[in-house]
Amino acid sequence: MKDQFSRLFGLTERTDQEEIRQIPVAQIVPNPYQPRTVFDDDKIDELCETIKVHGIIQPIVVRERRGVFEIIAGERRWRAVTRLGMETIPAIVKDFNDEQAASIALIENLQREGLTPIEEAIAYQKLIDIHGLTQESLANRLGKGQSTIANKLRLLHLPEQVQEALLARKISERHARALLVLKDERAQLKLLKEIIEKGWNVKQTEQRIKSIMEQKNEKPVPKRRSFSKDTRLAINTVRQSVDMVLQSGLYIETQEEDHEEFYQFIIKIPKNKK
């Protein structure tokens, strides 16, 4: 499966037999494109015990760069070996450029469990930037739904404090997606504090958001009037178009006003992506 993804991203494996070398642990550095920023100490300890009994079953993959070896795949193994105080680790040295090294590191980690939603979102965004992809084309290459990619990328619009809470698993992805409904950053951060301090579940969070939205809506709700079939079709078409834009990951603000002679949509499209 990993080879399949590599081909989809224009990466090819070498066909010649590759030499496994013993690389000094002290000369190895992490990959700057590694999407995983949180490493579970308990999992590393478990891996240490496995290495004590069985040794390194699979070599790590590195590339030589400016006098050191940069990890492409296998950072958890390297961390375990470092913790054990071993001097060398078996490795395969690849001749990859920056784009290839970044792509393989991202793809290799997306195959594994344990990434937080925000780490996954960052990995998707980096692959989009590196390869100049759309959300749809990335979804096709990864075999995922476009809405799945879009929903993950929307998390990157949240304030840094919310992303950090998601990274630290203080809130769930569903909590974070609920916070997206609030457009004001101060309101998002205030509610984040309440969620953590009061231990609210997602349903309680959504109820609180509903209450906040109702309090902000000071205008009386206009009376519903019947529309002609053509008018209803036009209104629904505009709403569906807005939903498609939101699913693409771009945040736009919309307001609907029902006037005596016409129905008005006000759509604000940001010039700069947050």
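Residues numbered from 1 in each chain as written. Predicted model: local features only at pLDDT ≥ 70, side-chain atom pairs only at ≥ 80, totals over all residues. Heavy atoms only, no water.

Per an unreviewed UniProt entry, the protein goes by the name Effector of nucleoid occlusion Noc and belongs to Aneurinibacillus thermoaerophilus. In its Subcellular location (unreviewed entry) section, UniProt records this for the protein: "Cytoplasm, Nucleoid". The UniProt entry for the protein carries the following text under Sequence similarities (unreviewed entry): "Belongs to the ParB family." (UniProt positions renumbered as here; feature names shortened; annotations may be inferred.)

**Student:** I'd like a rundown of the pattern of salt bridges, residues and numbers included.
**Tutor:** Summed over the entire model, instances satisfying the criterion amount to 9 salt bridges. Notably, a salt bridge pairs Arg 83 with Asp 45, separated by 2.7 Å at the nearest N-O pair. Of this pair, Arg 83 sits in helix α3 (residues 75-84) while Asp 45 sits in helix α2 (residues 41-54), placing them 38 residues apart in sequence. On the basis of relative accessible area, Asp 45 is assigned to the partly exposed category, the value being 38%. Residue Arg 186 is joined to Asp 184 by a salt bridge in which the shortest nitrogen-to-oxygen separation is 3.9 Å. Assessed through its relative accessible area of 67%, Arg 186 is described here as exposed. (Salt bridge = Lys/Arg side-chain N within 4 Å of Asp/Glu carboxyl O. Helix = DSSP H or I, 4+ residues; strand = E, 2+ residues; numbered from the N terminus. Buried < 20%, exposed > 50% of the residue type's maximum accessible area, 1.4 Å probe, protein only.)

**Student:** Kindly report on the side chain of Thr 205, identifying the contributing residues and their values.
**Tutor:** Along the polypeptide, Thr 205 turns up in helix α11 (residues 202-216). A distance of 2.9 Å separates the side chain of Thr 205 from the backbone oxygen of Asn 201, its partner in a polar contact. Apart from the residues within four sequence positions on either side, Thr 205 is in contact with His 175, Ala 178, Leu 191, Ile 195 and Trp 200. (Polar contact = N/O pair within 3.5 Å; in protein donor to acceptor, adjacent residues only side chain to side chain. Contact = heavy atoms within 4.5 Å.)

**Student:** Requested: an account of unusual backbone geometry, with residues and values cited.
**Tutor:** With a phi close to 50 degrees, Arg 66 is a non-glycine residue in the positive phi region. Considering the arrangement of structural elements, one finds Arg 66 in the loop between β3 (60-65) and β4 (68-73). The phi torsion at Arg 169 lies on the positive side, around 60 degrees, for a residue other than glycine. Structurally, the position occupied by Arg 169 is in the loop between α8 (160-167) and α9 (173-179). When its relative accessible area of 53% is taken as the criterion, Arg 169 is described as exposed.

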